[in-house]
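# Structure assessment
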Amino acid sequence: MYGVEPGDIFLADCPARLAVEVIADKWAVVVLWGLNDHARRHSELIDLIGGISKKVLTQTLRRLQTNGLVTRTDHGGVPPRVEYELTALGRTLMGPIRMLTEWAEQNGDAVLAAQEAG
């Protein structure tokens, strides 16, 4: 893959490590999934996600913007109306996120059991 040996896949300059760094944030995958269907306002994301502060959501959205996964559109007006939406690049993550979700549904109980036993 990309001229990288399998044992070197997570070295500093490898694409796989970059991918993990982009989505490893606690809230990144949840926010991306929240934008899966359509553009949403900040307050809509707060209500949809639950448990995330306004500050943390703002920081997460900014990181996702910086990585080219989310766009921010300011529609102006009073009060200001800003919406966030997945970019084409961000939409490419929906398949892998769906696979992770399926894995969690199939294996969540086993992980919880291991945590309790540990």
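Residues numbered from 1 in each chain as written. Predicted model: local features only at pLDDT ≥ 70, side-chain atom pairs only at ≥ 80, totals over all residues. Heavy atoms only, no water.

### Overview of the nonpolar core
Counted only if it meets this: In these notes, a set of buried Ala, Val, Leu, Ile, Met, Phe, Trp, Tyr and Cys residues joined through side-chain atoms within 4.5 Å is what counts as a nonpolar core. A simple rule labels every residue: compare its accessible area, found with a 1.4 Å probe on the protein chains alone, to the largest value its type can have, and call it buried under 20%, exposed over 50%, or partly exposed in between. Should any heavy atoms of two residues lie within 4.5 Å, those residues are considered in contact.
Core analysis: the largest hydrophobic core is formed by 21 residues, its most contacted members being Val31, Leu32, Leu35, Leu57, Leu61 and Val70. The residues contacting Leu57, other than those within four sequence positions of it, are Val31, His42, Leu45, Ile46, Ile49 and Ile52.

### A short note on the pairing of strand β3 (residues 82-86)
Rules: A run of H or I in DSSP counts as a helix once it spans at least four residues, and a run of E counts as a strand once it spans at least two, with each numbered from the N terminus. In this analysis, strands are considered paired if DSSP registers two or more bridges between them.
Across the five residues of β3, four count as buried, placing the element largely inside the fold. Alignment of strand β1 (residues 40-41) against β3, held across two bridges, turns out to be antiparallel. Residue pairing for β3: Arg41 is matched across the bridge by Glu83. Alignment of strand β2 (residues 70-74) against β3, held across five bridges, turns out to be antiparallel. Following the sheet pairing, Val70 is matched in β3 by Leu86.

### Quick word on the side chain of Thr87
What counts, and what does not: As used in this structure description, the phrase polar contact means that two N or O atoms lie within 3.5 Å; if the pair is within protein, one of them must be able to donate a hydrogen and the other to accept it, and residues adjacent in sequence are counted only when both atoms belong to side chains.
With respect to the helices and strands, the residue Thr87 is situated in the loop between β3 and α5 (88-91). At a separation of 3.0 Å, a polar atom in the side chain of Thr87 contacts the main-chain amide nitrogen of Gly90. Apart from the residues within four sequence positions on either side, Thr87 is in contact with Gly68, Leu69, Val70 and Thr71.

### Focus: helix α6 (residues 94-117)
As a reminder, the rule being used: In this scheme, a helix's expected span is set at 1.5 Å multiplied by one less than its residue total. At any given residue, the bend is defined as the angle formed between two axes, one fitted to the seven residues that end at that position and one fitted to the seven that begin there.
Between the first and last C-alpha of α6 there are 33 Å, a value that for 24 residues agrees with the 34 Å anticipated at 1.5 Å per step. The sharpest bend along α6 comes to roughly 60°, located at Asn107.

### Details of the sheet that holds β1
The three strands lie next to each other as β1-β3-β2, forming an open sheet whose pairing is antiparallel. Strands at the two margins of the open sheet, each flanked by one partner only, are β1 and β2.

### Some thoughts on the environment of Lys54
Within the element layout of this structure, Lys54 appears in helix α4 (residues 54-66). When its relative accessible area of 62% is taken as the criterion, Lys54 is described as exposed. Note: C-alpha distance between Lys54 and His42 (twelve residues apart in sequence) is 8.1 Å. If near-sequence neighbours (up to four positions away) are discounted, Lys54 is found in contact with His42 and Ile46.

### Description of the pattern of salt bridges
As a reminder of what qualifies: Should a side-chain nitrogen of Lys or Arg be within 4 Å of a carboxyl oxygen of Asp or Glu, the pair is scored as a salt bridge.
Per the counting criterion, the structure on display carries two salt bridges. A salt bridge links Glu83 to Arg81; the nearest nitrogen and oxygen atoms lie 3.4 Å apart.

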